[in-house]
Amino acid sequence: MRPTRFTTAVLFAACLTASTALAQKPAASAVPKPPTNDDCLACHGDPSAAGSNGRSVAVLPDKFGASVHGQAGIACVDCHADLARTTDFPHAEKLAPVACAKCHDAAAAKYDTSVHAEARRASTQSVAAACKDCHGTHEIRSSKDPDSATYHLNLPATCGHCHGNAEIIRRGRIAIGNVVAQFQDSIHGQALSRSGLTVAPNCKDCHNAHDIKRKTDAASTVFRATIPATCGRCHEGVQRRYLTGVHGEALAKGRPDAPVCVNCHSAHQIQRTEGASWKSQVTAECGSCHPESNRTYRDTFHGQETQLGFMRVATCADCHGAHDIFPKRDVRSTVSAAREVSTCKKCHPGANPSFAQYDPHADRHNRARDPLLFYASKFMEVLLIGVFAFFGIHTALWASRAVKPGLGQSSRRDDGRRTQE
Amino acid sequence: MEYQRFDIYNRLLHGVLMVSFLGLAFTGMPLLFSDVPWAIRLAAVFGGGHSAGIVHRIFASMMIGCVVLHVWRLMHRLYVKKELDVLWGPASMTPQPRDVVEMLAHLRWFLRLGPQPRFDHFTYWEKFDYWAVFWGMGVIGGSGLVLWFPEVFSKILPGSWFNIALFVHGEEGLLAVGFIFTIHFFNSHLRPDKFPMDPVIFTGRVSEHELMEERPAEYERLRAGRRLDEIEVGPAAAWVPRLAKAVAVVAVTLGLAMVGLILYAVLFARL
């Protein structure tokens, strides 16, 4: 039953005076019966229903009716349990918090271990997300419903209410900053927003939904050592290759500097690997742990060209592979003696064993590694210094001689004297 | 009265050489200094690293063409026209004892310890310029071809030589660019008695006064042999010196700008 305008107006007026009138209202019945949803909606169904502070207390019957709880026939007082025995209406404005855990005990238990719950426990002022911040209140829908705030494609925007809000990021001291902005241009963000791929990961696929933990927490899905397994939930083949390679092996041995997925790919700004910008970034990234290799790469043709932005030339991964990188001495390595020719052939179809003797990391200062180059560089050094020193002095002397007693005139006077001699 | 110093063949060849040299310098230096910020911007002028490489190869072909034409003409003079003075004597580029003598005398003159030497047709620094280019052609051209066609050269050279080729190509390029844009510019154009330029390589002509003043030995030799009128020419068309000046201003400006970029890179950006 929908309230008429008249009853709405009467009840609304009653609501506004509720706080003073509460005690004087007599009970209608001797056996208290919990109010039905219709009883509640008699007041709250009015879209303009508001509390004394002006905040809307409306519960739109359509929205609630379409919600997962409305569909299931859940009564208002099932959640607002403190109103179940109330017989005096309008009721007190301040209600007890809704305990979602009463029904959703498993989710609530997980939530209690999360960084959000931790923040709320630490400070009553915390704005860290509780159930309703992600799920909403009366209009909660199943996460399978495209209109739900937690629907797969909607979740980044939902997390973004806080993680894209500068004020909350500042107050919560969230180190990563506006992560939603970072994510939305990434390959995963684009797959969700542009391609509408429900198989593409949203926030919860890496971070979980309820038990989100700090990355420094060993139990977190984004804890450094766990990241390959987390990414591997989707990228299983890559994970397997990674774990066989040197980097995965180093991680398994517990080396703290072993790179995991996010070191090369970043966490939230993952790009397509064919892109020029990613290729140049990842080369610098490899160089952050392999500075010598980076230096010698930059000193040779491939590195010089890519530095100029021409990324079709080989970068690290083109020769060394990406996930299953092995040391050169390992026959599985793409740069091992057994396989280097076929690796060169990827770009240089005419490559042969002689061709492969080219050192893409040649170091002219390293006599042991590149003796010919070492001596060639010494020769060139002497040649350059010799030529420029001799002609530098020659030029300086000539200039000073010709310039001395007044421009132009001087040399002619000199010459005149000379021809007479 | 004007005398011919460079015929039209050599003037044109120098023009092509000059254009290709500038082109090679501006398309090659970005790669050598790829770690310095101006490199990307300079390469972008040619459409980025890749197309700068293509333009570099086009200019390289021009320059190789120059060398081939020059050597072909030299061979023609030597074997067909039997001009043996190409090999020795004042008209030859071959370094000769008198060059050492003249160089030492010139240095003494710089220090006011003696009179200015009496030069003939080619001075020692001109011969140095010539042979520096010749040497550079061999080394830079050869290494450049190796780098252009590594798969072909891998059939006759071990790959480790490609490293040498890459390094030497860059360093020789640096030497050539540094030498031409400073020493050659000064010796031929910017020195006070020529400043701002000597148009002889464009007009091909020197005045009788210039010939007498700068190359007295040549002047005396030709006069004594009554051969001065053999090289006597009419004045150049009026547009020639004007064009020469414009071309030289552009070339010298570009060259000095490149020297500035290199000095900036070596002195500041890499430290």
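Every chain is numbered independently, its residues counted from 1 as its sequence is written. Working convention: letters from A go to chains and numbers from 1 go to ligands, in the order in which they are written. Where local features are concerned, this predicted model is filtered to residues with pLDDT of at least 70; where side-chain atom pairs are given and counted, the filter is 80 or more; whole-chain, interface and lining totals use all residues.

Our focus in this paragraph is the interface of chain A and chain B. Tallying the contact residues gives 47 residues for chain A and 37 residues for chain B. Secondary structure counts use DSSP, requiring at least four H or I residues in a row for a helix and at least two E residues in a row for a strand, with both numbered from the N terminus. Of all the elements in the fold, those that place two or more residues in the side of chain A that touches chain B are α21 (301–307), α24 (371–403) and α25 (409–420) of chain A. Here the element with the most residues in the side of chain A that touches chain B is α24 of chain A; it accounts for 17 residues. Here the term charged refers only to Asp, Glu, Lys and Arg, the term nonpolar to Ala, Val, Leu, Ile, Met, Phe, Trp, Tyr, Cys and Pro, and the term polar to all other amino acids, Gly among them. Residue classes in the side of chain A that touches chain B are distributed as 23 nonpolar, 14 polar and 10 charged. Whether two residues are in contact depends on their C-beta atoms, placed from the backbone: they are in contact if these lie within 7 Å.

Turning our eyes to something else, we now look at the environment of Gly173 of chain B. Considering the arrangement of structural elements, one finds Gly173 of chain B in helix α7 (residues 160–190). Note: C-alpha distance between Gly173 of chain B and Met29 of chain B (144 residues apart in sequence) is 8.2 Å.

Further remarks concern helix α10 (residues 155–163) of chain A. Residue and element names in this part refer to chain A. The set of residues buried in α10 consists of Leu155, Pro156, Thr158, Cys159, Cys162 and His163. When α10 is viewed along its axis, its buried side chains cluster within an angular range of 160° and face the same direction. On the buried face of α10, the contacting elements are α9 (131–135), α11 (166–171), α12 (179–184), α13 (187–193) and α14 (203–207). Burial is judged by counting the other C-beta atoms within 10 Å of a residue's own C-beta: 20 or more makes it buried, 12 or fewer makes it exposed, and any count in between marks it as partly exposed, with every C-beta position built from the backbone. Directions are taken from the helix axis to each C-beta atom, and the arc is the one they span.

Let us now look at the environment of Ile8 of chain B. Secondary-structure assignment places Ile8 of chain B in helix α1 (residues 8–32). With 48 residues separating them in the primary sequence, Ile8 of chain B and His56 of chain B have C-alpha atoms 27 Å apart.

Another point: the packing of α1 of chain B against helix α3 (residues 49–80) of chain B. All names here are of chain B. Lines are fitted to the C-alpha atoms to define the axes, a helix being fitted only along its stretch in contact, and any angle between axes, read from their N-to-C directions, falls within 0 to 180 degrees. It is the contact of α1 with α3, at a shortest axis distance of 8 Å, that shows an interaxial angle of 150°. Classified by the angle between their axes, α1 and α3 sit roughly antiparallel to one another. Our pair here, α1 against α3, has a crossing hand that is left-handed. The residues of α3 that touch α1, namely those facing Tyr9, Leu13, Val16, Leu17, Ser20, Phe21, Gly23, Leu24, Thr27, Gly28 and Pro30, are Ala52, Val55, His56, Phe59, Ala60, Met62, Met63, Cys66, Leu69, His70 and Arg73. Residues of the contact of α1 with α3, tallied by class, amount to 15 nonpolar, six polar and one charged. The scheme is simple: roughly parallel for angles under 35 degrees, roughly antiparallel for over 145, roughly perpendicular for 65 to 115, oblique for anything else. Whether a crossing is left-handed or right-handed is set by the direction in which the near helix is turned from the far one by less than a right angle, anticlockwise for left-handed and clockwise for right-handed.

Turning to the environment of Gly178 of chain B, a few remarks are in order. With respect to the helices, strands and loops of the structure, Gly178 of chain B is situated in helix α7. The spatial distance from the C-alpha of Gly178 of chain B to the C-alpha of Met258 of chain B is 8.8 Å, given a sequence separation of 80 residues. In this view, Gly178 of chain B contacts Phe388 of chain A together with Val259 and Ile262 of chain B; residues no more than four positions away in its chain are not counted.

Moving on to the sheet that holds strand β2 (residues 205–207) of chain B. If you trace the three strands from one edge of the open sheet to the other, you get β2-β1-β3 (chain B), paired in antiparallel fashion. Since the sheet does not close on itself, it has two edges, and those belong to β2 and β3 (232–233) of chain B, each with one partner. A pair of strands counts as paired when DSSP detects no fewer than two bridges linking them.

A separate point is helix α3 (residues 37–44) of chain A. For α3 of chain A, every residue scored as buried is listed here: Asn37, Cys40, Leu41, Cys43 and His44 of chain A. Mapping the buried residues of α3 of chain A onto a view down its axis gives an arc of 160°, with all of them on the same face.

Our next topic: the packing of α1 of chain B against α7 of chain B. Residue and element names in this part refer to chain B. The geometry of α1 relative to α7 is characterised by a closest axis approach of 10 Å and an angle of 130° between their N-to-C directions. Comparing the axis directions of α1 and α7 gives the class oblique. Every pair of crossing elements has a handedness; the one defined by α1 and α7 is left-handed. Only Gly170, Gly173, Leu174, Val177 and Ile180 of α7 make contact with α1, whose side of the interface consists of Phe21, Ala25, Gly28, Met29 and Leu32. Among the residues making up the contact of α1 with α7, the classes are represented as seven nonpolar, three polar and no charged.

Residue and element names in this part refer to chain A. Confidence of the predictor at the level of single residues is given by pLDDT, which spans 0 to 100. Of the residues in chain A, 88% reach a pLDDT of 70 or more, and the chain-wide mean stands at 87. Across residues 8–29 the pLDDT falls below 50, and counting only partners more than four positions away or on other chains, this stretch makes 18 contacts in the model. Contacts for the low-pLDDT stretch residues 406–421, under 50 throughout, to residues beyond four places or in other chains number 15 contacts.

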